[in-house]
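For reference, the chains in residue letters:
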Amino acid sequence: DGTNIIINNAKKTENKLSSKDAEFGQKAWKRLTQAKLKIVEFVLKSGYDTFLTDVDIVAFQNFMPELIKTSENNLWLRDARQEVNTGFYFMRKKSSNLNLIKAAFQRIKKTHGSHDDQKVINAIMKSSQRIFLSTPDYVNGCFMRTNAGRAAVASGHVKVVHVNCAQSKVVKHKIMCRRGLWFCHHPPTSAHLAHSQTSGCVKPEQHAQNRIENRDRE
């Protein structure tokens, strides 16, 4: 079934994965995104609400208490094309959500694993299930390309931003450094440096203090 396809694909990915294979849009990258659904299914079946976040999410505050009490429904980050973004969402422990994931596995099987998790979820999701987190509290990376987006971050009106409007890890890191979303002074120039570079970085609390001091000077 669709679940076995995901597990087998994940095993293949683990055995053969290289940095090039994992690039955006490649088959291995799609398999990795599909595997996230299996993890979410496991947590839901264990009887827990599930919160999922990608590693290119920048949080400015603890948003979990708000998500938990806001709604009994699922909450999704809005993507640029007015669809749900599967890099950041809060899913309730409901049978309807297990059915949603089951349907996703079936579609993955039907399409021979050719679609990433976001494309699959948006293709099968009902409009009533598409409940977005508020903007500009929770925004995708394209919002950061606008003057309004940069002003919202600078003024402290953004709680979470997904740096998803860039495909390369190096480019993402550069954007985060340039926008004050990454705690370092010098952006890396290669994927190796993005992984290993620690010199020139400052602790998050120091970065936050610098922002406060700069704001006070204005």
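Residues numbered from 1 in each chain as written. Predicted model: local features only at pLDDT ≥ 70, side-chain atom pairs only at ≥ 80, totals over all residues. Heavy atoms only, no water.

K.L.:
For the overall build of the chain, give the residues involved together with the corresponding values.
P.N.:
Looking only at helices and strands, one finds nine helices and six strands in the chain. Long-range contacts, defined as pairs at least 24 residues apart, comprise 57% of the intrachain contacts of the chain with a sequence gap of at least 6. (Helix = DSSP H or I, 4+ residues; strand = E, 2+ residues; numbered from the N terminus. Contact = heavy atoms within 4.5 Å.)

K.L.:
Any details on the nonpolar core? Residues and values, ideally.
P.N.:
Counting 16 residues, the largest nonpolar core has L37, V40, W76, Y89, M91 and I121 as its most contacted members. The element contributing the most residues to this core is helix 4 (residues 95-110), with five residues. For Y89, the contacting residues outside a window of four places in its chain are L37, V40, T50, F51, L52, L75 and W76. Formed by twelve residues, the second largest nonpolar core is a distinct cluster that contains A152, V153, A166 and M176. (Core = buried A, V, L, I, M, F, W, Y, C linked by side-chain atoms within 4.5 Å. Buried < 20%, exposed > 50% of the residue type's maximum accessible area, 1.4 Å probe, protein only.)

K.L.:
Lay out unusual backbone geometry in plain terms, naming residues and giving numbers.
P.N.:
Backbone torsion omega between T135 and P136 reads 10 degrees, so that peptide bond is classified as cis. By secondary structure assignment, the location of P136 is in the loop between helix 5 (117-124) and strand 5 (138-140). Even without a glycine there, the phi angle at H112 is positive, about 55 degrees. Within the secondary structure layout, H112 lies in the loop between helix 4 and helix 5. For H112, a relative accessible area of 72% gives the class exposed.

K.L.:
Any details on the environment of C142? Residues and values, ideally.
P.N.:
Mapped onto the secondary structure, C142 falls in the loop between strand 5 and helix 6 (147-154). When the C-alpha positions of C142 and V161 are compared, they lie 9.5 Å apart, and in sequence the two are 19 residues distant. In contact with C142, other than residues within four places in its own chain, are A80, N164 and C165.

K.L.:
Explain the pairing of strand 4 (residues 84-91) to me, using residue names and the numbers behind them.
P.N.:
Where burial is concerned, most of strand 4 is hidden: eight out of the eight residues are buried. With four bridges connecting them, strand 1 (residues 50-53) and strand 4 associate as antiparallel partners. From the neighbouring strand, T53 faces strand 4, where its bridge partner is F88. For strand 3 (residues 75-78) and strand 4, the ladder comprises four bridges, and the chain directions are antiparallel. Looking at strand 4, one finds that L75 is bridged to F90. (Pairing = 2+ DSSP bridges.)

Geometric descriptors of this kind do not, in isolation, establish any biological role.
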